[in-house]
Amino acid sequence: MSETENSNLWWKNAVVYCLDIETFFDSDGDGIGDLPGLHEQIDYIAELGVTCLWLMPFYPTPNRDDGYDITDYYGVDQRLGSLGDVVELIRAANNRGIRVIADLVVNHTSAQHPWFQAARSSKESPFRDFYIWRSNPPPDTSAEVVFPDQENSLWELDEQTGEWYFHRFYKQQPDLNISNPRVRREITKMMAFWLQLGMSGFRVDAVPFLIETMGLGAEALAGFGEPHGYLRSLRSFVSQRNGEAILLGEVNLPYEQQLEFFGPTGDELSMMFEFIGMQHLYLALARADSEPLVNALKQRPAIPPASQWATFVRNHDELTLDKLPPSQRQEVFDAFGPEKRMQLYGRGLKRRLPPMLNGDPQRIRMVYSLLFSLPGTPVLFYGEEIGMGENLKAEGRKAVRTPMQWTSQPNGGFSTAPRQQLISDMAEDGFGPEMINVLAQRGDTDSLLSFVTQLVHRYRDCPELGWGEFKVIDQPHRGVLAHTCTWQGRAVLAVHNFSDKPVTMSLTLPDFTGHVLRDLFGGANCEVSSSGSAELSLDGYGYRWLRAYRKEDRWV
Ligand code: GLC
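Because the structure is predicted, anything quoted here is derived from the model rather than measured.

Let's talk about unusual backbone geometry
For N63, which is not glycine, the phi dihedral falls at a positive 65 degrees. Within the secondary structure, N63 is located in the loop between β2 (52-55) and α4 (83-95). You will see that Q488, though not glycine, has its phi angle at about 45 degrees, which is positive. By secondary structure assignment, the location of Q488 is in the loop between β16 (480-487) and β17 (490-497).

Following this line, the structure appears as structure tokens:
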């Protein structure tokens, strides 16, 4: 691909930053983060080197599911600001080279959405078919609910009309009937609206559930067509409206099934979160053995050239371990969340990384170094860059959605409101703002924030990490992962030590015979001998990135 084509596919080596406006920065002292507050802090995000900002839902909502239950797709939750504030924010971000994407939540609406209110008012409502109904008592679906602590069926009886409606998530989130052409038109119209306002695409919520046909009657099924055809049509619509817009999909499925969501020619989702690699990363950390991650990475299927994996360590939900067999999940629980209060839904953890690693700075850095050197596009969840912890007292997934910690002042500088008025309590247990905050780390070259900033910039300097071909390099230490990413004559070798024991290893690198491996973080360079071997040492939980140069290359 030419330079021009490369830069068009900006998502191939973007750095994505996810945040919830309501917990980021409160500008008016009401205890709730808001758009003007985020705008004020946009230079913080720019300084970090982020190139794409993912905004969690900011639409009007009764907040049953933290904004993932929407009552108006065209609006802004008035506690956060206005549409004008969204446009101002997009502009401020764009001016700093940052694109903005928004959550697209169209598997369901809020039960308070006017469509559902109309639909449930009578079987004859013109909106009845916007949702999925059944008139006979439903079978037992308790095993299929997503939030097993709150729900025990995918169907809820609506007293008014005596029929049951389908809801994959909470009962306050009725599923939209995607087989209905009117619903499809509403969805594209709404996407067009946000693209027109300047969004560079969407993080698409719950994609497999969006295109599932469960609950549909025969007629609706016939109208649905091929489920992936729907996804293709969404992508094609988005690309027609804005050639650079992406669909970053949430698809937590085994690799082979996940692959189908890119589409055979890359014409469905542009990117997908790498859930399988993430889950195996935690198993590898728990065992101090890189093998689970190495095996997962080796099984990662090849994807179409313009498609991309979005790699992450933590997201805004439970840290799900649902794709690990029970005994392996238990190993991760034992290592990182042995107490019930640390676990969620029997399949995940409520914690952020630093408390799980007992705040060990070297080990935390090793994990982020790995995140940024794995093939793919890294996604950070706000606060990861400073090492924020969680609040285990907060209900469910809210444990990791605590306010951003800006300073050691009251409320971590997030808000001037009285503490009890805050949208949520701060993180605690040694990871609160007194210990962990932006102000203290910003000027400190040894801080985690400085380190992550450096990682972001190195990653951006090394397009081979986003674009390149990935290869695991064999070496004898179980605790170590050595890999290369190679692209257009450039290559980065990354080595990471999952164990606390220092190691020295000899790597066989026939492709780099006679090259110099330049350490990208200021360590000693290293030569690959004429027989193609290189000697490297790593501290316990050590990490290194080395770029291969021939002596005659320009070392840029
Ligand atoms: C996705 C979101 C999650 C939300 C759910 C329902 O899984 O990540 O936060 O609760 O969809 O919208």
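Overview of the pattern of salt bridges
Opposite charge on two side chains permits them to pair, given that their charged atoms come into close proximity. Counted by the stated rule, this structure contains 36 salt bridges. In this structure, E464 engages R547 in a salt bridge whose closest nitrogen and oxygen atoms are separated by 2.8 Å. Here E464, found in helix α18 (residues 463-467), pairs with R547, found in strand β22 (residues 543-549); they are 83 residues apart in sequence, far enough to count as distant.

Re the site of the ligand
Taken together, D65, Y68, H108, F147, F169, R203, D205, E250, H316, D317, R397 and R401 make up the full set of residues near the ligand. A distance of 2.5 Å separates an oxygen atom of the ligand from a polar side-chain atom of D65. In this structure, an oxygen atom belonging to the ligand sits 2.5 Å away from a side-chain N or O atom of D317.

Things to note about the pairing of strand β8 (residues 246-249)
Across the two faces of β8 the burial is the same, with I246 and L248 and L247 and G249 all buried. When strand β7 (residues 201-204) meets β8, the two strands line up parallel, connected through 4 bridges. Counterpart to V204 in the pairing with β8 is G249. Where β8 and strand β9 (residues 271-273) come together, 2 bridges link them in parallel fashion. Following the sheet pairing, L248 is matched in β9 by M271.

A closer look at the side chain of Q308
Looking at the secondary structure, you find Q308 in strand β10 (residues 308-312). Judged by its relative accessible area of 3%, Q308 is buried. In this structure the side chain of Q308 is engaged in a polar contact, spanning 2.7 Å, whose partner is the backbone oxygen of K12.

Looking at the packing of helix α11 (residues 275-287) against helix α13 (residues 326-336)
It is at 9 Å that the axes of α11 and α13 come closest, and there the two elements cross at 60 degrees. The orientation of α11 relative to α13 falls into the category oblique. As α11 runs across α13, the sense of the crossing is left-handed. Listed contacts from α13 to Y282, L283, L285, A286 and R287 of α11 are Q328, E331, V332, A335 and F336. The residue makeup of the contact of α11 with α13, split by class, is 7 nonpolar, 1 polar and 2 charged.

Description of helix α17 (residues 448-461)
Between its terminal C-alpha atoms α17 stretches 20 Å, which fits the 20 Å expected from 14 residues at 1.5 Å a residue. Of all the residues in α17, the buried ones are L448, L449, F451, V452, T453, L455, V456 and Y459. Those residues of α17 that are buried are in contact with α3 (42-48), α15 (361-373), β14 (377-381), α16 (438-442), α18 and β22.

A short note on the environment of W487
Tracing the chain through its elements places W487 in strand β16. The spatial distance from the C-alpha of W487 to the C-alpha of M426 is 43 Å, given a sequence separation of 61 residues.

Observations regarding the pairing of β16
In terms of residue burial, β16 counts as a mostly covered element, since 7 of its 8 residues are buried. Note: strand β15 (residues 469-472) against β16, 4 bridges, orientation antiparallel. The residue bridging F470 from the neighbouring strand is C485, located in β16. Taken together, the 8 bridges between β16 and β17 define a ladder with antiparallel strand orientation. Along β17, the bridge assignment pairs A482 with V495. Taken together, β16 and the strand that follows it, β17, pair antiparallel across an intervening segment of 2 residues, in which Q488 is found at a positive phi of about 45 degrees.

Let's talk about the nonpolar core
In this structure, Y17, I45, F58 and Y282 are the most contacted members of the largest nonpolar core, which totals 162 residues. Among the elements that line this core, the one with the most residues is α11, at 8 residues. Among all residues touching I45, those that are not within four sequence positions of it are Y17, L19, F24, L38, V50, L53 and I98.

Description of the domain arrangement of the chain
Note: interface size is frequently given as the accessible area lost on complex formation between the parts. The domain boundaries assigned to the chain delineate domain 1 (3-107 + 181-277 + 301-324 + 338-460), domain 2 (114-166) and domain 3 (468-550). Spacing between the C-alpha centres of domain 1 and domain 3 amounts to 32 Å. The contact between domain 1 and domain 3 buries some 1500 Å² in all, and 69% of this surface belongs to carbon and sulfur atoms. When the buried area of domain 1 at its contact with domain 3 is split by residue, Q362, M366 and R458 rank highest and sum to 34% of it. Across the domain 1-domain 3 interface, the total number found is 0 salt bridges. Put simply, domain 1 and domain 3 have 8 residue pairs in polar contact (both at pLDDT 80 or more) between them. Secondary-structure elements contributing two or more residues to the side of domain 1 that touches domain 3 are α15 and α17. No other element matches α15, which puts 8 residues into the side of domain 1 that touches domain 3. In terms of residue class, the side of domain 1 that touches domain 3 is made up of 8 nonpolar, 5 polar and 4 charged.

Criteria and cut-off values
- Residues numbered from 1 in each chain as written.
- Predicted model: local features only at pLDDT ≥ 70, side-chain atom pairs only at ≥ 80, totals over all residues.
- Heavy atoms only, no water.
- Helix = DSSP H or I, 4+ residues; strand = E, 2+ residues; numbered from the N terminus.
- Salt bridge = Lys/Arg side-chain N within 4 Å of Asp/Glu carboxyl O.
- Near = heavy atom within 4 Å.
- Polar contact = N/O pair within 3.5 Å; in protein donor to acceptor, adjacent residues only side chain to side chain.
- Buried < 20%, exposed > 50% of the residue type's maximum accessible area, 1.4 Å probe, protein only.
- Pairing = 2+ DSSP bridges.
- Axes fitted to C-alpha atoms, helices over the stretch in contact; angles between N-to-C directions.
- Parallel < 35°, antiparallel > 145°, perpendicular 65-115°, else oblique.
- Left-handed = near helix turned anticlockwise from the far one by under 90°.
- Contact = heavy atoms within 4.5 Å.
- Nonpolar A, V, L, I, M, F, W, Y, C, P; charged D, E, K, R; others polar.
- Expected span 1.5 Å × (residues − 1).
- Core = buried A, V, L, I, M, F, W, Y, C linked by side-chain atoms within 4.5 Å.
- Domains from an automatic or database assignment.
- Buried area = accessible area lost by both parts, 1.4 Å probe.

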